[in-house]
Amino acid sequence: MSHTASEVLKILVVLTITYAVWRVYSKPSPRPTLRSVAILVLGDIGRSPRMMYHTESFATNKFQTYLVGYGGSKPIPSLLSMPRVEIMYLREPPVYLRRLPFIIAGPLKVLSQIVDILYTLLMRIPHPPEFILVQNPPSIPTLAIVWLVARLRGCKIIIDWHNLGWSILALKLGEEHTFVKVAKWFESYFGRTAYAHLFVTNAMRESLAEQWGLQGHKVVLHDRPPARFHRASPSESHELFQHLLPALSSPTLTSFLPTAKPPYSTPFTYIPTSGSSRADSNVTPDVRSYNLNDLSPFSENVAMPELRPDRTALLVTSTSWTPDEDFDMLLETLKQYEKRARECEGLSEAERLPNVLMAVTGKGPLRQKYMRTVEGLQTGKDAWKYVRCVSLWLEADDYPLLLGSSDLGISLHSSSSALDLPMKVVDMFGCGLPVCALGFKCLDELVKDGVNGLVFHNAEQLAAQIENLLRGFPSASALAALRASFQRAAPLASASTGTDDWEWGTWAENWNHTMRPLLLHDVASEADL
């Protein structure tokens, strides 16, 4: 192509874009449809729990709700059947981009995302939504796209601040890197003005309001799990562990866990014979004798499943297997626990430490590396005797059941901004599961040290906490004291009184308490609640 032809083509492109923009702005803006919202997730919808819960709450409150994001993991079942929810999947960036150098593939990927998101928000959604709720991070390019669409279609922007995108980038590049400085400017500029800003912590609201001068309503919406997160009954645990038996069938686990004879027993639960039922008040559940070989479908008065008194202590942590979570700290903790368990071998039964199964849920790039290390510690000449670690990937329905069936949760989350809170701890609390959590600046908004969990700062502290909590398991008094705090939690109303009481509630209670006044006060005259 000649130089002249190239210049003519450039001029035509510029004129076409200019004409398109003029046509859009010259038309009167269509009035947004009341009680409608577009929720934008620049990620896997099924792995974005807070945004799925938002979708559920908007739809429950009679909003026509469009959930926009990428496919991959299965969304929570309720979203697939709710009449006012429409999930709009974005196209994945072209596969060929993965074969190109990042300096070329990066901009092309962003350009592909911009085109697809704009097409979805401007064309696929038939009428302008009243609100656009956008998750942040990622900030680039979503904040700018939403800013543009809101001006073209007359929508109100709600930014849900989960964390700061530039702070995550700074973990890899350093705060002084040019890309980080550009990302920080981008996030502060396009995130400054919105109808409303939602924050996961009080610390984040105060920090951003002061540093960036945010304009619009500023409210804290603490993460809370939906009502289906609860302490699992023995029957629910029994069904779950039967389902998970294939994942627990490796030689290193079958030789470690109590023998399972499905469907009558699992490594953690069993169906007692009629002679050892809880109905017999003279039998103590934790010390009664039972014969797993005597279980039969033809037994009289078959009892309901119960927890095995000889079960292994089940610990659980959820991770994305990325460098921002220190899995080396967890490995060091397990090594120290193994050492202490061996030292306690000669003590009385009440003083000995129980066997521990550490279940790690989630997917991510470092999984294979660390699980190879774990396998080496569980086999070989000096293999672990008291500890096992297994990696699990669970469906959305199984995850709360595993948390509700576990004995202790572990959080390795370290906030890049020191302003957000770990969703995994919220999920664990929803299932009545006490947590040992890595400490950082605003963690006390969620974890009350010594009340609903314990805070640690290194592997030595975590190992000591696990040892103290599990001593005497399954009748571990320290662990029972933490679990009892969930029965004493104050009602949600205390959150508005400014007290330091340990309060808790479901996502729906928290959302309605915070969001309904924000969203519905200006349309109350046009539509009844």
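Residues numbered from 1 in each chain as written. Predicted model: local features only at pLDDT ≥ 70, side-chain atom pairs only at ≥ 80, totals over all residues. Heavy atoms only, no water.

A. Region of the structure containing the nonpolar core. Of all hydrophobic cores here, the largest spans 106 residues; its most connected members are Trp161, Leu402 and Leu519. Residues within four places of tryptophan 161 in sequence aside, it is in contact with Asn136, Glu187, Gly191, His197, Leu198, Phe199, Val200, Met204, Leu208, Trp212 and Leu214. Grouped together as the second largest cluster of nonpolar side chains are 38 residues, Met329, Tyr370, Leu412 and Leu462 included. (Core = buried A, V, L, I, M, F, W, Y, C linked by side-chain atoms within 4.5 Å. Buried < 20%, exposed > 50% of the residue type's maximum accessible area, 1.4 Å probe, protein only. Contact = heavy atoms within 4.5 Å.)

B. A look at the packing of helix 6 (residues 165-173) against helix 7 (residues 178-190). Put simply, helix 6 and helix 7 touch, their axes get as near as 9 Å, and they point 175° apart. If you check the angle between helix 6 and helix 7, you find them roughly antiparallel. Across the interface between the two elements, Gly165, Trp166, Leu169, Ala170 and Leu173 from helix 6 touch Phe179, Val180, Ala183, Lys184 and Glu187 from helix 7. Partitioned by chemical class, the residues of the contact of helix 6 with helix 7 number 7 nonpolar, 1 polar and 2 charged. (Axes fitted to C-alpha atoms, helices over the stretch in contact; angles between N-to-C directions. Helix = DSSP H or I, 4+ residues; strand = E, 2+ residues; numbered from the N terminus. Parallel < 35°, antiparallel > 145°, perpendicular 65-115°, else oblique. Nonpolar A, V, L, I, M, F, W, Y, C, P; charged D, E, K, R; others polar.)

C. Representation of the pattern of salt bridges in the model. Enumeration according to the criterion identifies 13 salt bridges in this entry. Note that lysine 156 is salt-bridged to glutamate 130, the shortest N-O span being 4.0 Å. One end of the pair, lysine 156, is in strand 5 (residues 156-161); the other, glutamate 130, is in strand 4 (residues 129-136), and 26 residues separate them in sequence. By relative accessible area, which is 25% here, lysine 156 ends up partly exposed. Judged by its relative accessible area of 4%, glutamate 130 is buried. Salt-bridge contacts for aspartate 382 lead to arginine 342; the nearest nitrogen and oxygen are separated by 3.0 Å. With aspartate 382 in the loop between helix 12 (367-378) and strand 12 (387-392) and arginine 342 in helix 11 (residues 327-343), this residue pair connects regions lying 40 residues apart in the sequence. (Salt bridge = Lys/Arg side-chain N within 4 Å of Asp/Glu carboxyl O.)

D. Inspection of the side chain of arginine 388 at higher detail. When you line up the elements, arginine 388 lands in strand 12. Buried charge without a partner: arginine 388 forms no salt bridge, and the closest opposite charge is glutamate 338, 6.1 Å away. For arginine 388, the side chain forms a polar contact with the main-chain oxygen of tryptophan 384, separated by 2.8 Å. Residues in contact with arginine 388, not counting those within four places in the same chain, are Thr252, Leu253, Phe256, Val356, Leu357, Met358 and Gln378. (Lys, Arg positive; Asp, Glu negative; His and termini not counted. Polar contact = N/O pair within 3.5 Å; in protein donor to acceptor, adjacent residues only side chain to side chain.)

E. Structural view of the sheet that holds strand 10 (residues 313-318). Pairing within the open sheet is parallel, and its 6 strands lie in the order 12-11-10-13-14-15. Whereas interior strands pair on both sides, the edge strands pair on one side only; in this sheet they are strand 12 and strand 15 (453-456). Mean inter-strand twist for the sheet, computed between neighbouring axes without regard to direction, equals 20°. Against the sheet, helix 13 (residues 398-405) contacts strand 10, strand 11 (356-361) and strand 12, and its axis sits at roughly 135° relative to strand 10. (Pairing = 2+ DSSP bridges.)

F. Molecular detail of a nonpolar patch on the surface. Together, Tyr96, Leu100, Ile103, Ile104, Leu108, Leu111 and Val115 line one region of the surface with nonpolar side chains, adding up to about 660 Å² of accessible area. For leucine 100, the position within the fold is in the loop between strand 3 (85-89) and helix 4 (102-124). (Patch = residues over 30% accessible without salt bridge, like charges linked within 9 Å, V, L, I, M, F, W, Y side chains within 5 Å. Areas by Shrake-Rupley, 256 points an atom, 1.4 Å probe, with all protein chains shown as cover.)

G. Inspection of the sheet that holds strand 2 (residues 64-70) at higher detail. A sheet is described by the order of its strands in space; here 7 strands give the open sequence 3-2-1-4-5-6-7, paired in parallel fashion. Of all the strands in the sheet, the pair left with one neighbour each is strand 3 and strand 7 (215-220). On average, each strand axis in the sheet is inclined to that of its neighbour by 20°, with strand direction left out of account. Of the strand pairs in this sheet, strand 1 (residues 33-44) and strand 2 are connected by 6 bridges, and their pairing is parallel. Counterpart to aspartate 44 in the pairing with strand 2 is tyrosine 70. Helix 5 (residues 142-153) rests against strand 1, strand 4 and strand 5 of the sheet, and its axis sits at about 170° to strand 4.

H. View of the packing of helix 2 (residues 49-60) against helix 17 (residues 507-520). Running from N to C, helix 2 and helix 17 point in directions that differ by 65°, and their axes come no closer than 11 Å. In this structure, helix 2 meets helix 17 at a crossing whose hand is right-handed. Taken together, the residues of helix 17 that come into contact with helix 2 (itself represented by Arg50, Tyr53, His54, Ser57 and Phe58) are Trp507, Trp511 and Leu519. For the contact of helix 2 with helix 17, the per-class residue count stands at 5 nonpolar, 2 polar and 1 charged. (Left-handed = near helix turned anticlockwise from the far one by under 90°.)

I. Layout of helix 17. For helix 17, built from 14 residues, the straight-helix expectation of 20 Å at 1.5 Å per residue is met to within 8% by its first-to-last C-alpha distance of 18 Å. Among all positions in helix 17, only Trp507, Asn510, Trp511, Thr514, Met515, Leu518, Leu519 and Leu520 are buried. Where helix 17 is buried, its residues meet strand 1, helix 2, strand 4, strand 5, strand 6 (193-199) and strand 7. (Expected span 1.5 Å × (residues − 1).)

J. Just the pairing of strand 2, in detail. Of all 7 residues making up strand 2, 6 are buried, and the element is well covered by its neighbours. This β-α-β element, strand 1 to helix 2 to strand 2, shows right-handed connectivity. Note: strand 2 against strand 3, 5 bridges, orientation parallel. In the strand pairing of strand 3, tyrosine 66 is matched with glutamate 86. (Right-handed = clockwise from strand over helix to strand, strands pointing away.)

K. Layout of the packing of aromatic side chains. Here the structure, examined in full by the defined rule, presents 17 aromatic pairs. With a centroid separation of 5.3 Å and an interplanar angle of 15°, the aromatic rings of tryptophan 185 and tyrosine 189 are classed as stacked. Of this pair, tryptophan 185 and tyrosine 189 both sit in helix 7, 4 residues apart, roughly one helical turn. Ring centres of tyrosine 189 and phenylalanine 190 lie 4.9 Å apart, and the angle between their planes is 85°; this geometry places the pair in the edge-to-face category. Overall, the relative accessible area of 15% leaves phenylalanine 190 in the buried class. Taken together, the ring pairs connect Phe58, Phe63, Phe131, Tyr195 and Trp511 into an aromatic cluster. Against the face of tyrosine 195 rests lysine 156, its NZ or CZ located 5.0 Å from the ring centre. A cation over a ring is seen here: lysine 184 above tryptophan 166, with NZ or CZ 4.4 Å from the ring centre. (Phe/Tyr/Trp six-rings, centres within 6.5 Å; stacked < 30°, edge-to-face > 60°. Lys NZ or Arg CZ within 6 Å of the ring centre and 35° of its normal.)

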